[in-house]
Amino acid sequence: MRSGVSGTARTAGIVAAGGRSSRMGTSKAALDWFGTPLLARVAALVGRGVDGPVVVVRAPGQLLPPLPARVEVVDDPVEGRGPLQAVAIGLAAVADRADTAFVTATDLPLLHPAYVRRVLQLLDSADDEGRADVVVPQVHGHPQPLAAAYRTSLAPLVTRLVGGGVRRPPDLFAQVRVVRPDEATLLTGTLARVDPALDSLLNVNTPDELAAVLARPAPRITVAEGPPVHARTLGEATALLAARHGPAARVVLAGAVDVTDPTTPLVPGDVLAVRVTAGPAGVVAGHSASRRT
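Quick look at the structure, then.

What counts, and where the lines are drawn
Residues numbered from 1 in each chain as written. Predicted model: local features only at pLDDT ≥ 70, side-chain atom pairs only at ≥ 80, totals over all residues. Heavy atoms only, no water. Pairing = 2+ DSSP bridges. Helix = DSSP H or I, 4+ residues; strand = E, 2+ residues; numbered from the N terminus. 1 Å grid on protein atoms, 1.4 Å probe; cavity = no way out; pocket = protein on both sides within 12 Å on 5 of 7 lines; lining within 4 Å. Points joined across faces, edges and corners; volume = space filled by probe spheres on them. Phe/Tyr/Trp six-rings, centres within 6.5 Å; stacked < 30°, edge-to-face > 60°. Buried < 20%, exposed > 50% of the residue type's maximum accessible area, 1.4 Å probe, protein only. Lys NZ or Arg CZ within 6 Å of the ring centre and 35° of its normal. Core = buried A, V, L, I, M, F, W, Y, C linked by side-chain atoms within 4.5 Å. Contact = heavy atoms within 4.5 Å. Axes fitted to C-alpha atoms, helices over the stretch in contact; angles between N-to-C directions. Left-handed = near helix turned anticlockwise from the far one by under 90°. Nonpolar A, V, L, I, M, F, W, Y, C, P; charged D, E, K, R; others polar. Expected span 1.5 Å × (residues − 1). Salt bridge = Lys/Arg side-chain N within 4 Å of Asp/Glu carboxyl O. Arc of directions from axis to C-beta.

Pairing is mixed across the open sheet formed by 7 strands, whose spatial order is S5-S4-S1-S6-S10-S7-S11. Because the sheet does not close on itself, it has two edges, and the strands there are strand S5 (71-75) and strand S11 (178-179).

What follows is the structure in structure tokens.
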């Protein structure tokens, strides 16, 4: 991937938090996901898929739940301009730090970091051929403009369009170069293994849809030193493994660096390693296992 930022390839994440949630009946951002606000979960999942900043774009006056320390919050100064306004603000916020950005909404609780990386990879490869500004997956019969990758250099254009009254993503796409990968194109390599049904795109718009996703079992997480565990977060896995190995068990998430937050989401394909020391139990980062998803 090319980079105009200090010669280092970087990707960013943008989460639009300002939707009206009319069908849900309450703010999606604050919905509980097994002890974690939904917005915090989605922002953390995006963060696992990018190597640069993660920003949340909130509506004017919108109250947000606690978010991961890495996440930045930027304000949408004008209400009612639709998702393109959030895209414009988010792209402008990261344009000097990243070449490309993955943009999503708050309502994808099963978003997999491998999906984030795959969509950004498709934009990266298309950029090398000089033929894409946006990658908009065409999945489940619909375009996915809020689970897509955008070049951050589009920020001025999107801002200008929104200022001129454009509200719909298709109106932007009519003016830029768009790649529209289908399921078969997306499902290669790691993504095909960890999210073959593309549950990453399973959004929740109503209480019934949320209840159905909440009823799904926790993901099966591989443990290098023994049987797998079923856990949704690093803290939950640590508690299970401490019961198995004793209170001195320390849990390592493969491919992660300096991860100590017990709310860190776990996803299919993750690998944990257990270190038993004489010190107190805790969660630390490390590289005892080799697979990263």
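Any empty space left between the atoms is revealed when a probe the size of a water molecule rolls over them. Inspection of the entire model under this criterion finds 1 cavity of 30 Å³ or more. Approximately 40 Å³ is the volume attributed to the largest cavity. Lining the largest cavity are Trp 33, Thr 36, Arg 41, Arg 232, Thr 233, Thr 263 and Pro 265.

Turning next to the packing of aromatic side chains. Taken as a whole and judged by the stated rule, the model has 3 aromatic pairs. With centroids separated by 5.5 Å and ring planes inclined at 85°, the aromatic side chains of Trp 33 and Phe 34 adopt a geometry described as edge-to-face. On the numbers, 6.4 Å between centres and 35° between planes, the contact of Tyr 150 with Phe 173 is tilted. Remark: Phe 173 occurs in helix H5 (residues 169-173) and Tyr 150 occurs in strand S10 (residues 147-151); sequence separation between them is 23 residues. One exposure class covers both Tyr 150 and Phe 173, and it is buried. Between Arg 232 and the ring centre of Phe 34, over which it is positioned, the NZ or CZ distance is 3.6 Å.

Take Leu 84: it is sitting in helix H2 (residues 83-94). Taking the C-alpha atoms as reference points, Leu 84 and Leu 146, 62 residues apart in sequence, are found 9.7 Å from one another.

It is worth spelling out the nonpolar core at this point. Phe 102, Leu 111, Tyr 115 and Leu 186 are the most contacted members of the largest nonpolar core, which has 41 residues in total. Ignoring sequence-local partners within four residues, the contact set of Tyr 115 consists of Phe 102, Pro 137, Ala 147, Leu 186, Leu 191, Leu 198, Ser 200 and Leu 201. Grouped together as the second largest cluster of nonpolar side chains are 31 residues, Ala 16, Val 74, Tyr 150 and Val 166 included.

Turning to the packing of H2 against helix H4 (residues 155-163), a few remarks are in order. A pair of packed helices can be characterised by two numbers: the angle between their axes and the separation between those axes. As a packed pair, H2 and H4 sit with axes 8 Å apart at the nearest point and diverge in direction by 150°. In this structure, H2 meets H4 at a crossing whose hand is left-handed. Residues Leu 84, Gln 85, Val 87, Ala 88, Leu 91 and Ala 92 of H2 form the contact with H4, whose own contacting residues are Ala 155, Val 158, Thr 159 and Val 162. The class makeup of the residues in the contact of H2 with H4 is 8 nonpolar, 2 polar and no charged.

Right, let's talk about H2 for a bit. Helix length check: H2, at 12 residues, gives a terminal C-alpha distance of 17 Å against a target of 16 Å (1.5 Å per residue), a fit within 8%. Most of H2 is tucked away, with 10 of its 12 residues classed as buried. Of all the residues in H2, the buried ones are Leu 84, Gln 85, Ala 86, Val 87, Ala 88, Ile 89, Gly 90, Leu 91, Ala 93 and Val 94.

Backbone geometry places Phe 34, a non-glycine residue, at a positive phi of 50°. Mapped onto the elements of the fold, Phe 34 is located in the loop between strand S2 (32-33) and strand S3 (36-37).

Taken as a whole, this structure holds 9 salt bridges when the rule is applied. For Asp 96, the salt bridge identified is with Arg 97, shortest N-O distance 3.7 Å. Taking the relative accessible area as the measure of exposure, Asp 96 reaches 56% and is therefore exposed. With a closest N to O distance of 3.0 Å, Arg 177 and Asp 133 form a salt bridge. Of the two residues, Arg 177 sits in the loop between H5 and S11 while Asp 133 sits in the loop between helix H3 (113-128) and strand S7 (134-135), which places them 44 residues apart along the sequence. Accessibility expressed as a relative area gives 36% for Arg 177, which makes it partly exposed. According to the relative accessible area criterion, Asp 133 is buried, its value standing at 10%.

Mapped onto the fold, Gly 18 is located in the loop between strand S1 (11-16) and S2. Separated by 11 residues in sequence, Gly 18 and Ala 29 have C-alpha atoms that sit 8.4 Å apart. Not counting residues up to four positions away in its chain, the partners in contact with Gly 18 are Val 57, Ala 59 and Gln 62.

This brings us to helix H9 (residues 234-245). With 12 residues, H9 should cover 16 Å at 1.5 Å per step; its first-to-last C-alpha distance of 16 Å lies within 8% of that length. Among the residues of H9, Leu 234, Ala 237, Thr 238 and Leu 241 are the ones counted as buried. Considered in projection along H9, the buried side chains sweep an arc of 100° and stay on one side of the axis. Following H9 by one or two positions, Gly 246 adopts a phi angle in the positive range, close to 105°.

What is shown is where atoms sit, not what they do.
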